[in-house]
Number of protein chains: 2
Amino acid sequence: METRYQQLANELHDLIRQGSFQPGDRLPGVRQLGKQRNLSIATVMSAYRLLQDQGLLESRERSGFYVRARHNEQRPQPRFLNSTTAPALVTGQDMVLQLIKAANNPAMVQLGTAIPAPEFLPTRAIEQALIRAARHHRVRSANYEFSPGAPELRRQIARRMAEAGCGVNPDNLVITNGGQEALSIALRAVTKPGDVVAIESPAFYGLLQVLESLGIEALEIPSHPQTGMAIDALELAINRWPVKACVVVPNFSNPQGYCMPVDNKQRLVQLLDSRNIVLIEDDIYGDLAFSGHRPPLCMGMTKTNNVILCSSVSKTLSPGLRIGWIAAGRFQQRVEYLKYVLNVATPTLPQLAVADLFESGVYERHLRKVRRNYAQAIAQMTQRLLEYFPEGTRIPAPKVALCSGWNYRITWTPLISPAKPWRKVSVLHRALSFHPASSTVILFGCPARWCGARALKKR
Amino acid sequence: METRYQQLANELHDLIRQGSFQPGDRLPGVRQLGKQRNLSIATVMSAYRLLQDQGLLESRERSGFYVRARHNEQRPQPRFLNSTTAPALVTGQDMVLQLIKAANNPAMVQLGTAIPAPEFLPTRAIEQALIRAARHHRVRSANYEFSPGAPELRRQIARRMAEAGCGVNPDNLVITNGGQEALSIALRAVTKPGDVVAIESPAFYGLLQVLESLGIEALEIPSHPQTGMAIDALELAINRWPVKACVVVPNFSNPQGYCMPVDNKQRLVQLLDSRNIVLIEDDIYGDLAFSGHRPPLCMGMTKTNNVILCSSVSKTLSPGLRIGWIAAGRFQQRVEYLKYVLNVATPTLPQLAVADLFESGVYERHLRKVRRNYAQAIAQMTQRLLEYFPEGTRIPAPKVALCSGWNYRITWTPLISPAKPWRKVSVLHRALSFHPASSTVILFGCPARWCGARALKKR
């Protein structure tokens, strides 16, 4: 249940976003608004302070609350890196083991990985769903739930995809052990070692690891910080190179956070269809739009069955459940088989618990809440980066993000682009972490110019 | 808790196995034994009937109960196939999809897969352990348990391995999503596509699938129905071919069910050590010896760190939990990384539940019970096969097996070897299933001579 002050804050948030209050505008006085809305002064003050914490308002002494100038307009945005590259094998990705080790250290802040903060997850609802599933499906959950996976979960996923404008038969879905496994299986279903796959630049480092482990050559396509993969650049690239598949995160790609405009999505789908190149659409962030408006899926824009969609609940509900899926289109049989060979089945109990959370509406209610939490965390984090990071740091304005935002417990991947663009495929491995206790920036495998970054002061 | 008649039956079972009662011997009369042991006639009768059901005793009218002639000595055993083969790529393994589809059909009996029957699993204890873990680790279980996996589970596995004579540091264990994933990661850690790997012949079909999916060439080494892989044949083969690794199931290999003698294990380890060839030891059946005596691990017989051990709880506790592990020796870092790239982490909750079941002693108590159940099921199933399968059918005498045994709900893989041996790598794909309702044998991909197998009568 939302409290009154949260309701009011959300309403004001919407008014600011829609432009009813412009940057620099003064909001109604606390007493005045309380009287209008029949709310106590304390309630209105709480709402204003919440918006202030979110970076939307600023308080000016003896004058009131004003809408802050938008970060998007003020701060330097990452540049569009119009690099031209040839396909290349990905190397050196095992450096990520340092990140994993750091993730198990509670004193270490992760800037390089998109791990939801525990306090943003509906852990009680998940606990209850797991206990219900364990009780109601005692015998079933002790047994294999063979590929393609639990029918009730596949039905719920198909229902949600239909709501996102993409009709899929539940029989054309395969449940996986999380989104990374989905990506790995999808790539193996359509490529063999040595093939060329077009990817966004910069791209999610997990994708780079999968490509390296499969011996697939990556062809980087420049991607715009606001609109994503440049379709013209992609067309030039596939004219020149034997591209077998194209992996894109159209909705809120990590690390840039953009949402590809619908027109671009349509162009992307048509272009790949016309060349018979498979599109692997990674949609793990699709449910997290700050606007609450679920962007459409590329898979829903074609009838050719040439798109494979990968997704999971790891960024929304819980990474520990390890539930992902593949809508495999015409590759269904191959994908089912590869999943079977890889690890026979996804654990039964988490599948049944997630189906329950989808069906009961808990998931949808959680989404409404967590989107606001993430928006707030992004605002706070952006503020911190602007304050403490070196001059010239460029920060994107993501439309979605995973970020705890409190006391530097940041889990969103900001793209810190220095004056000269990073060009190598492994660029995203140069992840940043900083340590709140020692207030020191720790840069993993960073280029030389970063090593002198000044120590961070802890607030 | 065991009832009195079960205790008596177990005691008599041991006496028969140890030879105190020989085949053809008459057991003491029911009244006489009841008086000796201070048990009711009904209790003794129940014990005798249980042993009769297990195929150990036969009742002769008005004469009493006699020890049956041993199946092992009476029935034809599978032959030792001394085939010489060259390394070859494995093909056609996606036929297994037919088996998966059949597995989801409750009316279908699986003879081709080693899936524990639900009634043999400790589903209540698992349910309770899952609920405890969900409650006590609410926040933790919603989050990633990064590679190498939950420390408490790794500690318990290391403790159990030490009891099996193999000291391993918990930091050298990686938790996986079941045993098949462990096998797949272990192979990827030590080979690349095109490499040659020596395997048992016949071998577990899941291994053949992994080899096919990784593009690894299989080199079949003849394996004796009672003693396993022929070490001399292996030595000849590695003199001739560039073998990179050797995958063996020394304890109760599927499908033959043998346990490799300790001397052979030592020779195997020494031979591979001397050539610097990695031994991948698959131990998923090691805890299920009918004798109750846990056979030693090859990994405990060398200090070279040249052995990788793969195992899981899928054949003992529950396949639905999908908990397996790798003791990676000197490949720890590579294995951790490959696990991470594959699917980031194994689900958290099942790891904590299995650690609990190990630590509380529930697992060990369950093993004592399930070993007897499996022994009984094997005896019943062997009887059925002898009665209903064609003349010339050869049936191994496994020392361990997974088999429900009731009303044909068989899940153990019998090796049905026809008059002429099957030589192809894909032989085990020719799995058999039969359908209890229609009483018809269904043979997947069987050779022509099997197609005319007579319909089975249902008891």
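Heads up: the structure comes first, above all this text.
Now for a look at the structure at hand.

Calculation notes
- Residues numbered from 1 in each chain as written.
- Chains lettered and ligands numbered in written order.
- Predicted model: local features only at pLDDT ≥ 70, side-chain atom pairs only at ≥ 80, totals over all residues.
- Heavy atoms only, no water.
- Helix = DSSP H or I, 4+ residues; strand = E, 2+ residues; numbered from the N terminus.
- Contact = heavy atoms within 4.5 Å.
- Areas by Shrake-Rupley, 256 points an atom, 1.4 Å probe, with all protein chains shown as cover.
- 1 Å grid on protein atoms, 1.4 Å probe; cavity = no way out; pocket = protein on both sides within 12 Å on 5 of 7 lines; lining within 4 Å.
- Points joined across faces, edges and corners; volume = space filled by probe spheres on them.
- Nonpolar A, V, L, I, M, F, W, Y, C, P; charged D, E, K, R; others polar.
- Least-squares fit on C-alpha atoms with pLDDT ≥ 70 in both.
- Disulfide = S-S within 2.5 Å.
- Buried < 20%, exposed > 50% of the residue type's maximum accessible area, 1.4 Å probe, protein only.
- Expected span 1.5 Å × (residues − 1).
- Core = buried A, V, L, I, M, F, W, Y, C linked by side-chain atoms within 4.5 Å.
- Phe/Tyr/Trp six-rings, centres within 6.5 Å; stacked < 30°, edge-to-face > 60°.
- Lys NZ or Arg CZ within 6 Å of the ring centre and 35° of its normal.
- Buried area = accessible area lost by both parts, 1.4 Å probe.
- Salt bridge = Lys/Arg side-chain N within 4 Å of Asp/Glu carboxyl O.
- Polar contact = N/O pair within 3.5 Å; in protein donor to acceptor, adjacent residues only side chain to side chain.

**Some details on the overall build of chain A**
Phase 1: A count of helical and extended segments in chain A gives 16 helices and 14 strands.
Phase 2: If you take every contact in chain A between residues at least 6 apart in sequence, the share linking residues at least 24 apart comes to 73%.
Phase 3: By element, 49% of the accessible surface of chain A is carried by carbon and sulfur atoms, the whole surface being about 18,200 Å².

**Concerning empty space enclosed by the protein**
Phase 1: Scanning all chains against the criterion turns up 16 cavities of 30 Å³ or more.
Phase 2: Computed from the structure, the second largest cavity encloses a volume of approximately 230 Å³.
Phase 3: In this structure, the second largest cavity is lined by 21 residues; those nearest its centre are Tyr144 and Val344 of chain A together with Gln180, Phe204 and Lys315 of chain B.
Phase 4: At the level of elements, helix H9 (179–190) and helix H10 (205–214) of chain B are the ones that each hand at least two residues to the lining of the second largest cavity.
Phase 5: Per-class residue counts for the lining of the second largest cavity are 10 nonpolar, eight polar and three charged.

**A short note on the relation of the copies chain A and chain B**
Phase 1: Note on the copies: chain A fits chain B at an RMSD of 0.1 Å, the axial shift is 0.0 Å, and the rotation between them is 180°. Between the two chains, the operation in question is that of a two-fold axis. Using C-alpha coordinates, one finds that chain A approaches the rotation axis most closely at Ile131 of chain A, a distance of 2.7 Å.
Phase 2: A share of 100% of the interface residues of chain A reappears at the interface of chain B, consistent with the copies meeting face to face through the same patch.

**So, the state of the cysteines**
Residue and element names in this part refer to chain A.
Phase 1: One pass over the structure, following the stated rule, counts zero disulfides over all chains.
Phase 2: With no disulfide of its own, Cys246 lies closest to Cys298 among cysteine sulfurs, the gap being 9.4 Å.
Phase 3: The class of Cys298 is buried, set by a relative accessible area of 0%.

**Remarks on helix H6 (residues 123–136) of chain B**
Phase 1: For H6 of chain B, built from 14 residues, the straight-helix expectation of 20 Å at 1.5 Å per residue is met to within 8% by its first-to-last C-alpha distance of 20 Å.
Phase 2: Among the residues making up H6 of chain B, those that are buried are Thr123, Ile126, Glu127, Ala129, Leu130, Ile131, Ala133 and Ala134 of chain B.
Phase 3: The inward-facing, buried residues of H6 of chain B abut helix H6 (123–136), helix H7 (138–141) and helix H14 (348–359) of chain A together with helix H7 (138–141) and helix H14 (348–359) of chain B.

**Description of the nonpolar core**
Phase 1: Met161, Leu234 and Leu268 of chain A together with Met161 and Leu234 of chain B are the most contacted members of the largest nonpolar core, which has 145 residues in total.
Phase 2: The residues contacting Met161 of chain A, other than those within four sequence positions of it, are Cys166, Val168, Leu173, Leu297, Met299, Leu309 and Ala327 of chain A.
Phase 3: Counting residues in each nonpolar core, the second largest holds 80 residues, with Val335 and Leu342 of chain A together with Val247 and Ile326 of chain B among its members.

**Things to note about the packing of aromatic side chains**
The way to describe two aromatic rings as a pair is by their centre distance and the angle between their planes.
All names here are of chain A.
Phase 1: Taken as a whole, this structure holds 10 aromatic pairs over all chains when the rule is applied.
Phase 2: Between Tyr144 and Phe146 the ring centres are 4.9 Å apart and the planes differ by 25°, which places this aromatic pair in the stacked class. We note that Tyr144, like Phe146, is buried.
Phase 3: What links up through ring pairs into an aromatic cluster is the set Tyr144, Phe146 and Tyr340.
Phase 4: Across the ring face of Phe358, the terminal group of Arg160 is positioned such that the distance to the ring centre comes to 5.6 Å.

**Details of the interface of chain A and chain B**
For an interface, size is often stated in terms of accessible area lost upon the parts coming together.
Phase 1: Facing the 59 residues of chain A at the interface are 59 residues of chain B.
Phase 2: Here chain A packs against chain B, burying approximately 5,100 Å² in sum over the two surfaces, 61% of which is carbon and sulfur.
Phase 3: When the area that chain A buries against chain B is broken down by residue, the three leading residues are Arg138, Tyr144 and Tyr337 of chain A, summing to 14%.
Phase 4: The tally of links from chain A across to chain B stands at two salt bridges.
Phase 5: Of the charged contacts in the structure, one is a salt bridge between Glu127 of chain B and Arg138 of chain A, with a shortest N-O distance of 3.8 Å.
Phase 6: Our enumeration of links across chain A and chain B arrives at 24 residue pairs in polar contact (both at pLDDT 80 or more).

On their own, these measurements won't tell you what the molecule is for.
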